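Each chain is listed here by its residues.
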Amino acid sequence: MRKKERYERIIAWFKENRPIAETELHYDNPFELLIAVILSAQCTDKRVNMVTPAIYLDFPTPEALAATTPEVVFEYIRSVSYPNNKAKHLVGMARMLVKDFHGQVPDTLEELIKLPGVGRKTANVVQSVAFNKAAMAVDTHVFRVSHRLGLVSDKCTTPFSVEKELVKHIPEADIAKAHHWLILHGRYVCQARTPQCDNCGLQLMCKYYCRKYKVSHEGSEDKE
């Protein structure tokens, strides 16, 4: 099938079968979301949600977090991955928010990536989730699922190249939700080691499935 048709059919399936798709991180405002996303790097959302309530309670504002030290923050997050670096990032992020952004989380990629601990993926999550912008964050789930489904070609070997390809073909109004569709599908169905192909409604639209089980779909190659 043509690439345009593949995108249309996959998006239509997600809209029908997963109409509600949102982050599993717990937060009440952009500052809390930023903390949670920084902590979620190479760590499960479940683990992050276990440690953030105490952080949100004791450091409810950038000013409060900026006034403490990484050593203090470490004690709150010692059970997450890379707690030393993340403690430094959180305090540094808060101090920059106070110094350069009047204590407000910025809503642009260019400003967000200036913050310690914030790369392109984290910035796109914050833009998408907190500010409802058409930003596509590419984590390991999005990267894997996009390739398996055939939404991106094998030539897309970096998160940025995958991001550009997805944004190019997904309608702008669907980009924010599509980020969560792909993440949740990768987390619960299209898992890295044991993809649950038998429980997946996207089988006949999926290049990985069709190749693995030698099932034909409409058209052997995608065309623009």
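Note that the coordinates shown come from a computational prediction; the quantities given were computed from them, not determined experimentally.

Reading the values: the criteria
Residues numbered from 1 in each chain as written. Predicted model: local features only at pLDDT ≥ 70, side-chain atom pairs only at ≥ 80, totals over all residues. Heavy atoms only, no water. Domains from an automatic or database assignment. Contact = heavy atoms within 4.5 Å. Buried area = accessible area lost by both parts, 1.4 Å probe. Salt bridge = Lys/Arg side-chain N within 4 Å of Asp/Glu carboxyl O. Polar contact = N/O pair within 3.5 Å; in protein donor to acceptor, adjacent residues only side chain to side chain. 1 Å grid on protein atoms, 1.4 Å probe; cavity = no way out; pocket = protein on both sides within 12 Å on 5 of 7 lines; lining within 4 Å. Points joined across faces, edges and corners; volume = space filled by probe spheres on them. Helix = DSSP H or I, 4+ residues; strand = E, 2+ residues; numbered from the N terminus. Nonpolar A, V, L, I, M, F, W, Y, C, P; charged D, E, K, R; others polar. Core = buried A, V, L, I, M, F, W, Y, C linked by side-chain atoms within 4.5 Å. Buried < 20%, exposed > 50% of the residue type's maximum accessible area, 1.4 Å probe, protein only. Phe/Tyr/Trp six-rings, centres within 6.5 Å; stacked < 30°, edge-to-face > 60°. Lys NZ or Arg CZ within 6 Å of the ring centre and 35° of its normal. Lys, Arg positive; Asp, Glu negative; His and termini not counted.

Quick notes on the domain arrangement of the chain
When its domains are assigned, the chain resolves into domain 1 (30–131) and domain 2 (137–213). Contact with domain 1, which involves seven residues of that partner, is made by nine residues of domain 2. With both sides pooled, the region where domain 1 packs onto domain 2 buries about 610 Å², and carbon together with sulfur makes up 53% of that total. When the buried area of domain 1 at its contact with domain 2 is split by residue, R120, K121 and S128 rank highest and sum to 55% of it. Inspection of the region where domain 1 meets domain 2 yields two salt bridges. Its salt-bridge partner being E163, residue R120 comes within 2.8 Å of it at the nearest N-O pair. Our count for the domain 1 to domain 2 interface comes out at three residue pairs in polar contact (both at pLDDT 80 or more).

As for empty space enclosed by the protein
Rolled over the atoms, a probe with the dimensions of a water molecule shows which regions are left empty. What the rule picks out here adds up to two cavities of 30 Å³ or more. Here the largest cavity is characterised by a volume of approximately 110 Å³. What lines the largest cavity is a set of 14 residues, among which H185, C190, C197, C200 and C206 lie closest to the centre. For the lining of the largest cavity, the elements supplying multiple residues, two or more each, are α9 (140–149) and α12 (207–212). For the lining of the largest cavity, the class distribution of residues is ten nonpolar, three polar and one charged. Its boundaries defined by the atoms lining it, the second largest cavity holds a volume of some 60 Å³. Only α1 (3–17) and α11 (172–188) provide two or more residues apiece to the lining of the second largest cavity. Among the elements that line the lining of the second largest cavity, the one with the most residues is α1, at four residues. Class assignment for the residues of the lining of the second largest cavity results in nine nonpolar, no polar and no charged.

Structural notes on the nonpolar core
Within the largest apolar cluster, 38 residues are counted, with the highest numbers of intra-cluster contacts made by L34, I35, L39, L65 and M93. Those elements that provide at least two residues to this core are α2 (30–40), α3 (45–58), α4 (62–66), α5 (70–77), α6 (83–100), α7 (109–112) and α8 (120–131). By residue number, the principal contributor to this core is α2, which donates eight residues. Discounting residues that sit within four places of it in the chain, M93 has contacts with F31, L34, I35, I38, L65, L115 and P116. Core analysis: the next-biggest nonpolar cluster, separate from the first, contains 30 residues, V145, C156, L182 and I183 among them.

A look at the environment of F14
Assignment of secondary structure puts F14 in helix α1. Along the sequence, F14 and E71 sit 57 residues apart, while their C-alpha atoms lie 44 Å from each other. Here F14 is in contact with P19, W181, L182, H185 and L202, once residues within four sequence places are set aside.

Topic: the packing of aromatic side chains
On inspection of all chains with the given rule, the structure shows four aromatic pairs. Judged by centre distance (4.8 Å) and plane angle (40°), the ring pair of Y209 and Y213 falls under tilted. These aromatic residues form a ring-pair network of at least three members: W13, F14 and W181. Looking at R148, its charged tip hangs above the ring of Y208, at a distance of 4.7 Å from the centre.

Description of unusual backbone geometry
Even without a glycine there, the phi angle at H102 is positive, about 55°. By the secondary structure assignment, H102 is in the loop between α6 and α7. One non-glycine residue, N132, lies in positive phi territory at about 55°. Mapping N132 onto the fold places it in the loop between α8 and α9.

Quick look at the side chain of R144
Following the sequence through the fold, R144 ends up in helix α9. No salt bridge is formed by the buried R144; its nearest oppositely charged neighbour, D139, is found at 7.3 Å. Apart from residues lying up to four places away in sequence, R144 is in contact with G186, C190, Q191 and A192.

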